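Structural overview
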Amino acid sequence: FDYVFDGTNVSGYYPSQIANSNLKWETTAQWNVGMDVSFIDSRIKLTADWYLKDTHDLLLQATVPASSGYTSAMLNIGSMRNQGVELTAEFVPVKRENLTWNINFNIALNRNTVTSLVNDQLSLLRTISWETKFNNQYPYITQVGKPSGMMYGYVYEGTYKMDEFEGGSVLKDGIPYMSSVGKNNVRPGDPKYMDVNRDGVIDEDDQSIIGCGQPLHTGGFGTSLNFYGFDFNMFFSWSYGNDILNANRLYFENGTQSTQINQLKTYNGRWTSENADSDIPRVGANGMFVYSSRVVEDGSFLKLRNVSLGYTLSRDVLRKIRFDTLRVYVSADNIVTFTRYSGPDPEVSTKNSVLTPGFDWSAYPRAFGLTAGLQFTF
């Protein structure tokens, strides 16, 4: 910034963030109870672990009073609890000299709860910097007694239909409308949001929790087979119960954007007078630039993570070629994903923070990989 000194403009500097000499490390206290059992000559193994983890003095960029001259500062605030159960099972259904078959399974159930915030506040809102029309809104909220980083916005109810208007252009009395749009500007095909407090208008007081980025459980299962030198491995992983805020749809399923911006294929099914039952807003719709449950999707998935096939030469052959070991193999990663999520990959997030989980803004999907190799010792 410039300021006037002795009649001339002089470049000046100021601290962009407020200093905090009281910052300290986060502290964590954890305890767990575990159990390991095996049966039938270790062909059945079971492991269970129950844990409880309390974290205090969390380091967060927190909101501070405007009288300080700043809007936020890095503070040790609040506390959080994680508790859950992890279960693992391993089975060996077949174990012979030239044939071994293994099966493994694991599941983790974690419950995340915010136990306190700064200065006894009950909620903490978070913005996401990604697109100018949305940067000043709060798509995430963290509340005491609930999981961190809950998705926050309006509850989407579809589009306004023709029978909700008098003469096709004037919204009927008693039907809620966005205060920022105005009753006389609402048109058929505009997005319709829930009037949560039932006061007749839709405004910031009608925003509520619309999703959760924390999964109910995650896990994986796989199998391996060894048969006369051949080895085969396959592994699946999953996540269940987490939501994703699909920011791509806010931008590429939005007919109020520039005509030079391509839209998603799904926008072909938008509201028109010939497609008046559609719940995708019309071109040029009012009230599009808000976060809502319209773009919050189920992020659960089951993914075939890896498949590999290899062959190890027998000892008789190895002695003839003077090698100790020699194995050839081929392996594939991220093969196929089963999910209802409309984006490329439900496993990625562009904002990797506990306060803003599951935010997808053109995240690059995990790539399919295919490798082949030769392993040997001599």
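In this report, we go over the structure that sits alongside the text. (Residues numbered from 1 in each chain as written. Predicted model: local features only at pLDDT ≥ 70, side-chain atom pairs only at ≥ 80, totals over all residues. Heavy atoms only, no water.)

1. Re the pattern of salt bridges
For clarity, the threshold we go by: Salt bridges are defined by distance alone: a side-chain nitrogen of Lys or Arg within 4 Å of a carboxyl oxygen of Asp or Glu. Secondary structure follows DSSP: runs of H or I at least 4 residues long count as helices, runs of E at least 2 residues long count as strands, and numbering of each begins at the N terminus. Summary of the burial criterion: residues with accessible area below 20% of their type's maximum are buried, those above 50% are exposed, and those between are partly exposed, where the area comes from a 1.4 Å probe applied to protein chains only.
Counted by the stated rule, this structure contains 16 salt bridges. Arginine 249 is paired through a salt bridge with glutamate 297; the nearest N and O atoms lie 3.2 Å apart. Remark: glutamate 297 occurs in strand β20 (residues 296-298) and arginine 249 occurs in helix α1 (residues 247-252); sequence separation between them is 48 residues. Given a relative accessible area of 15%, arginine 249 falls into the buried group. The class for glutamate 297 is buried, based on a relative accessible area of 9%. Linked by salt bridges that have partners in common, Lys303, Arg305, Asp345, Glu347 and Arg366 make up one network.

2. A look at the side chain of arginine 327
Formally: Whenever two N or O atoms come within 3.5 Å, that pair is a polar contact, provided that in protein one can donate a hydrogen and the other can accept it, and provided that, for residues adjacent in sequence, both atoms are side-chain atoms. When checking whether two residues touch, look at their non-hydrogen atoms; a contact exists if any pair is within 4.5 Å.
Tracing the sequence through the fold places arginine 327 in strand β22 (residues 325-339). Of note is the side chain of arginine 327, whose polar atom sits 2.7 Å from the side chain of aspartate 231. Not counting the four nearest positions on each side in its chain, arginine 327 is found in contact with Asp231, Gly310, Tyr311, Thr312, Gly373, Leu374 and Gln375.

3. Quick notes on the nonpolar core
For clarity, the threshold we go by: Put simply, buried Ala, Val, Leu, Ile, Met, Phe, Trp, Tyr and Cys residues joined by side-chain atoms within 4.5 Å make one nonpolar core.
If you look at the biggest cluster of nonpolar residues, it comprises 14 residues, and the most contacted ones within it are Trp130, Leu245, Leu250, Tyr291 and Phe359. Here this core gets three residues from one element, more than from any other, and that element is α1. With residues up to four places along the chain from it excluded, the contact list for phenylalanine 359 reads Ile128, Trp130, Tyr140, Leu245, Ala247, Tyr291, Ser349, Thr350 and Lys351. Within the second largest apolar cluster, 12 residues are counted, among which are Ile175, Met178, Val181 and Val290.

4. Brief notes about the sheet that holds strand β8 (residues 140-143)
Note on sheets: strands pair through backbone hydrogen bonds, and any given pair is parallel or antiparallel. What counts here: A pair of strands is considered paired only if DSSP assigns at least 2 bridges between the two. Inter-axis angles, ranging from 0 to 180 degrees, are taken between N-to-C directions of lines fitted to C-alpha atoms, where helices are fitted over the stretch in contact.
Spatially, β7-β8-β9-β16 is the arrangement adopted by the four strands of the open sheet, whose pairing is antiparallel. In this open sheet, the two edge strands, each paired with only one partner strand, are β7 (123-126) and β16 (208-212). Ignoring strand direction, the axes of neighbouring strands in this sheet form an average angle of 40°. Bridge analysis of β8 against strand β9 (residues 150-153) gives two bridges, and the strand direction is antiparallel. Bridge pairing in β9 links tyrosine 140 to methionine 151.

5. Describing the side chain of aspartate 190
With respect to the helices, strands and loops of the structure, aspartate 190 is situated in the loop between β13 (177-178) and β14 (191-193). The exposure class assigned to aspartate 190 is buried, which follows from its relative accessible area of 1%. In this structure the side chain of aspartate 190 is engaged in a polar contact, spanning 3.0 Å, whose partner is the backbone nitrogen of arginine 187. Only 3.2 Å separates the side chain of aspartate 190 from the side chain of asparagine 286, close enough to count as a polar contact. When near neighbours in sequence (up to four residues on either side) are disregarded, aspartate 190 contacts Gly158, Thr159, Tyr160, Asn185, Arg282, Ala285 and Asn286.

Read these as geometric descriptors, not functional statements.
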